[in-house]
Amino acid sequence: MRWGGPPARTGWNARGGVHPDLHLRTLPLSLGGYLTCAPLYEKEERDIETILKMRNEADENTMTDIAAVYDVLVIGCGPGGFTAATQAAQAGLRTACVDQRASLGGTYLVDGAVPSKTLLDESYFYRLLQQQELVEQRGVRLPYPRLDMQAAQSALKRNIGRLSKVYKCELSKNNVTVYKGTAEFTGPYCVEISQRGLGSFIVEARYIVVATGSAVVIQCPGVVIDEDKIVSSDKALSLNYIPPRFSIIGGGTIGLEIACIFNNFGSRVTIIESQSEICQNMDDELACATKTLLQSQGIVFLLNTRVQSAGTNAAGQLDVTLLNKLSKNTCVHHCDMLMVSIGRRPLLEGLNISKIGLDERDFVDNVDEQTQSLLKFPHIKPIGDVTLGPMLALKAEQQATRAIQSILSTDSISTSNCGFSPNVLYCQPQIGWVGYTEQQLISAHTPYQTGKVLFSQNVRYNTLLSQKENDLIPAFIKVLVDSRSMKILGVHMINDDANELLSQASMAVSLGLNAYDICKVPFPHPSLSESFKQATQLAVASGISPSVNVRE
Ligand SMILES: Cc1cc2nc3c(=O)[nH]c(=O)nc-3n(C[C@H](O)[C@H](O)[C@H](O)COP(=O)(O)OP(=O)(O)OC[C@H]3O[C@@H](n4cnc5c(N)ncnc54)[C@H](O)[C@@H]3O)c2cc1C
């Protein structure tokens, strides 16, 4: 290993598959020295200790501040960073990825979708077992179930650990160098990577992908998150006990999913929402059905209600002062734990963007969406939650592909933003939607026609015993079609398998498929997806006779 010395350019370009343009340009190395960095690629992961040890062993006189040089450095290894790093490396670019967490996978894996879906699954299992009559009807005799939340958390940690290893293996397989540490800019092409107490080193890259994700919004007027009784979603998902009364500020998808988890595990759950409805971006019919469904499962909703303050009383309980926005009355609500779920914000702290003359607005207003590039520094590419728009893993992945394709200068379908993000609320049954809501079409004066089918009419649905438990709110699918072009504009559904059914709906909406074409396509029988075709047929038919648009 040699620190300093002549440029190691030949080693860089020796790998196949790189876009020719990349070999021709010269990397601006600000400090004038070069590092022969080939040995860095022999291992898939480097921690700061190893790097610093190597530096200490190196000849002081020839040592430069730059520890390694890459084509692409990705900061953050959530779904966005992981996708960007693997795709860059697969295209032959020398790639490194840095993340400050102990496990790879980002918010998504450690505090987000994976813990929430795993705990949801565990909580539904527990709830099902508690419905003894139902279980016995199926011929299963069990002693009354008892919850061991520590064991549930251990199972979750094992799951996270397994998936994090998958990330690590994939990165290693693709020759991505992984650094554990916090990254901050020291120059437009230079990033310092440090680990508290251990020191730091600098890497340089021609392109820097910023995939640092998001953090919970902690500023809720009158309420201070202490991660003890007043908690964020991160803390709620790592609790190893179940508070008897669990209240949540915010009726968005994250709040509702976590409400379902605690409700299933036996908490008395209250959602406090300042708006008149939950899930603002949902179709009204779907939002109303969702609320009724969750109420029927025991969740209490306080709508049009604002939290004014929250604090612990002498008995150790939380007193939450509420204001009803309509009546202007205040009251005190008591609970044992309060979760604040009023949104997330892009995470740029720690990156020291001001050092290179950038501020947060540059990541909001000054980004070229086609290439995912900052206008001021086109080689810096923000992706994922750190950018404007919905905070979803799939958006982060799409943007990662676009960022890498713009580096490779390839013209591909992924370079343009294709379609709407499909959304799923993983309650039981699941709520799924993609495209426009009826309210959006009405306010845009778009003429549309609808078709709606109840899944109780579907043969496959009736052969699935598990789906039958949810008769309280009939599962349905609703298709909205543009009356002029007959394109599918929106699909909204309640079904246990909404996350799977939504894929074909998402394809139809995003690709602007025509309702007549959907009607011509053969669907497997019996299948749940047939209901999508039937609802589309009804939407077409309703253009001729409006009364036929519902099948129930
Ligand atoms: C409870 C919950 C449930 C969710 N459920 C879903 C779902 O069902 N479907 C869905 O699509 N999305 C879901 N999301 C959203 C999803 O998790 C995010 O949209 C996704 O993780 C964003 O990916 P990302 O790559 O932009 O960033 P992240 O996943 O946040 O990863 C960013 C990484 O960068 C690291 N980092 C930050 N700053 C630095 C630095 N300076 N140096 C080094 N590393 C740094 C962070 O530690 C983190 O590991 C959920 C989120 C939450 C909170």
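The model shown is predicted, which means the values in this text are computed figures rather than measured ones. (Residues numbered from 1 in each chain as written. Predicted model: local features only at pLDDT ≥ 70, side-chain atom pairs only at ≥ 80, totals over all residues. Heavy atoms only, no water.)

> Would you mind going over the pattern of salt bridges with me for this structure?
For side chains bearing opposite charge, pairing can occur when the charged atoms are close. Under the counting rule described, the total for this entry stands at 16 salt bridges. Among the ionic pairs, R344 bridges to D234, the shortest N-O distance being 3.9 Å. Taken together, the residues span a long stretch of sequence, with R344 in strand β19 (residues 344-346) and D234 in helix α9 (residues 233-236) at a distance of 110 residues. Residue class for D234 comes out partly exposed when judged on its relative accessible area of 25%. Here E285 ties to K452 by a salt bridge, and the two come within 2.6 Å at their closest N and O atoms. With a gap of 167 residues between them, E285 in helix α11 (residues 284-296) and K452 in strand β25 (residues 448-454) connect regions that are remote in the sequence. Three or more residues joined by partner-sharing salt bridges are found here, namely D283, E285, E438, K452 and K478. (Salt bridge = Lys/Arg side-chain N within 4 Å of Asp/Glu carboxyl O. Helix = DSSP H or I, 4+ residues; strand = E, 2+ residues; numbered from the N terminus. Buried < 20%, exposed > 50% of the residue type's maximum accessible area, 1.4 Å probe, protein only.)

> Help me out: how do you make sense of the site of the ligand in this one?
Surrounding the ligand, one finds 39 residues, the nearest of these being D99, T107, K117, D385 and A393. One of the side-chain nitrogen or oxygen atoms of D385 is found 2.8 Å away from an oxygen atom of the ligand. Between A393 and the ligand, the recorded distance is 2.8 Å, taken from a backbone N or O atom to an oxygen atom. Relative to its unbound accessible area of 1000 Å², the ligand is 94% covered by the protein chains. The set of elements that each furnish at least two residues to the shell around the ligand consists of α4 (79-90), β5 (95-99), α5 (106-110), α6 (113-130), β7 (182-187) and α13 (393-408). (Near = heavy atom within 4 Å. Polar contact = N/O pair within 3.5 Å; in protein donor to acceptor, adjacent residues only side chain to side chain. Areas by Shrake-Rupley, 256 points an atom, 1.4 Å probe, with all protein chains shown as cover.)

> Quick question: what am I supposed to make of the domain arrangement of the protein chain here?
A common way to state how big an interface is: give the accessible area lost once the parts meet. Each assigned domain of the protein chain is listed with its residue range as follows: domain 1 (64-216 + 343-418), domain 2 (230-342) and domain 3 (423-543). Taken over C-alpha atoms, the centre of domain 1 sits 32 Å from the centre of domain 3. (Domains from an automatic or database assignment.)

> Is there a simple way to think about the sheet that holds strand β16 (residues 318-324) in this case?
Remark on secondary structure: sheet strands pair via backbone hydrogen bonds, oriented parallel or antiparallel. An order of β15-β16-β17 is seen for the three strands of this open sheet, with the pairing classed as antiparallel. Whereas interior strands pair on both sides, the edge strands pair on one side only; in this sheet they are β15 (305-312) and β17 (330-335). Neighbour-to-neighbour, the strand axes of the sheet open up by a mean angle of 25°, direction not taken into account. Sheet topology places β15 next to β16; seven bridges connect them, and they run antiparallel. (Pairing = 2+ DSSP bridges. Axes fitted to C-alpha atoms, helices over the stretch in contact; angles between N-to-C directions.)

> Can you walk me through helix α18 (residues 530-542) in this structure?
In an α-helix there are 3.6 residues to a turn, and that puts residues three or four apart on one side. Counted at 1.5 Å a residue, the expected span for α18 with its 13 residues is 18 Å, and the 18 Å between its end C-alpha atoms agrees. The element α18 is largely enclosed, with a buried count of 10 among its 13 residues. Taken together, the buried positions of α18 are E530, S531, F532, K533, A535, T536, L538, A539, V540 and S542. (Expected span 1.5 Å × (residues − 1).)

> Please explain the UniProt feature "binding site: NAD(+)" (unreviewed entry) in the protein chain as it appears in this structure.
Residues annotated by UniProt as "binding site: NAD(+)" (unreviewed entry) correspond here to G250, G251, G252, T253, I254, G255, L256, E257, E273 and G343. As for its position among the elements, E273 is in the loop between β13 (268-272) and α11. For E273, a relative accessible area of 9% puts it in the buried group. Excluding residues within four positions of it along the chain, E273 makes contact with G250, G251, Q280, L302, L303, N304 and T305. G343 sits in the partly exposed class, given a relative accessible area of 35%. (UniProt positions renumbered as here; feature names shortened; annotations may be inferred. Contact = heavy atoms within 4.5 Å.)

> Looking at this structure, how should I read the sheet that holds strand β11 (residues 230-231)?
The parallel open sheet is built from five strands, whose spatial order is β11-β18-β12-β13-β14. If you trace the sheet from one side to the other, it starts and ends with β11 and β14 (300-302), each paired once. Pairing of β13 with β14, which is carried by three bridges, proceeds in the parallel orientation. Residue pairing in the sheet places T270 in a bridge with V300 of β14. Its contacts with the sheet put helix α10 (residues 253-265) on β12 (245-249), β13, β14 and β18 (337-340), and the angle it makes with β13 is roughly 165°.

> How do you make sense of the environment of G106 when you look at a structure like this?
By the element assignment, G106 lies in helix α5. A relative accessible area of 6% places G106 in the buried class. Aside from chain neighbours lying at most four places away, what touches G106 is C77, G78, R101 and D111.

> Can you walk me through the pairing of β13 in this structure?
Within a regular strand, the side chains alternate between the two sheet faces. In terms of residue burial, β13 counts as a mostly covered element, since four of its five residues are buried. Relative to β13, β12 runs parallel, the two being bridged by five bridges. Residue pairing in the sheet places R245 in a bridge with R268 of β13. Following the chain from β13 across α11 to the adjacent parallel β14, one finds a crossover that is right-handed. (Right-handed = clockwise from strand over helix to strand, strands pointing away.)

> Where do I start with a nonpolar patch on the surface in this structure?
A surface patch of nonpolar side chains, about 280 Å² in accessible area, is lined by M507, L511 and L513. With respect to the secondary-structure elements, M507 resides in helix α16 (residues 498-510). (Patch = residues over 30% accessible without salt bridge, like charges linked within 9 Å, V, L, I, M, F, W, Y side chains within 5 Å.)

> So what exactly am I meant to see when it comes to the packing of aromatic side chains here?
Both the distance between ring centres and the angle between the ring planes are used here to describe each pair of aromatic rings. Enumeration over the complete set of coordinates arrives at eight aromatic pairs. On the basis of an interplanar angle of 35° and a centroid distance of 5.9 Å, the ring pair of F455 and Y461 is categorised as tilted. F455 sits in the buried class, given a relative accessible area of 0%. One cation-aromatic arrangement involves K452 over F476; the distance from NZ or CZ to the ring centre is 4.6 Å. (Phe/Tyr/Trp six-rings, centres within 6.5 Å; stacked < 30°, edge-to-face > 60°. Lys NZ or Arg CZ within 6 Å of the ring centre and 35° of its normal.)

> What exactly am I supposed to notice about the packing of α4 against α13 here?
Helix packing for two helices is described by the angle between their axes and how far apart those axes are. For the pair α4 and α13, the least separation of the axes is 8 Å and the interaxial angle reads 30°. Put simply, α4 runs roughly parallel to α13. For the pair α4 and α13, the crossing hand works out as right-handed. Residues P79, G80, T83, A84, Q87 and A88 of α4 form the contact with α13, whose participating residues are A393, A396, E397, A400, T401 and I404. For the contact of α4 with α13, the class distribution of residues is seven nonpolar, four polar and one charged. (Parallel < 35°, antiparallel > 145°, perpendicular 65-115°, else oblique. Left-handed = near helix turned anticlockwise from the far one by under 90°. Nonpolar A, V, L, I, M, F, W, Y, C, P; charged D, E, K, R; others polar.)

> For this particular structure, what's the right way to read the packing of α6 against helix α8 (residues 149-173)?
The contact between α6 and α8 brings their axes to 10 Å, and the two run at 140°. When the axes of α6 and α8 are compared, the pair comes out oblique. You can see that α6 and α8 cross each other, and the crossing is right-handed. Contacts from V114, P115, T118, L119 and E122 of α6 reach α8 at M149, A152, Q153, A155, L156, N159, I160 and L163. Partitioning the contact of α6 with α8 into residue classes produces nine nonpolar, three polar and one charged.

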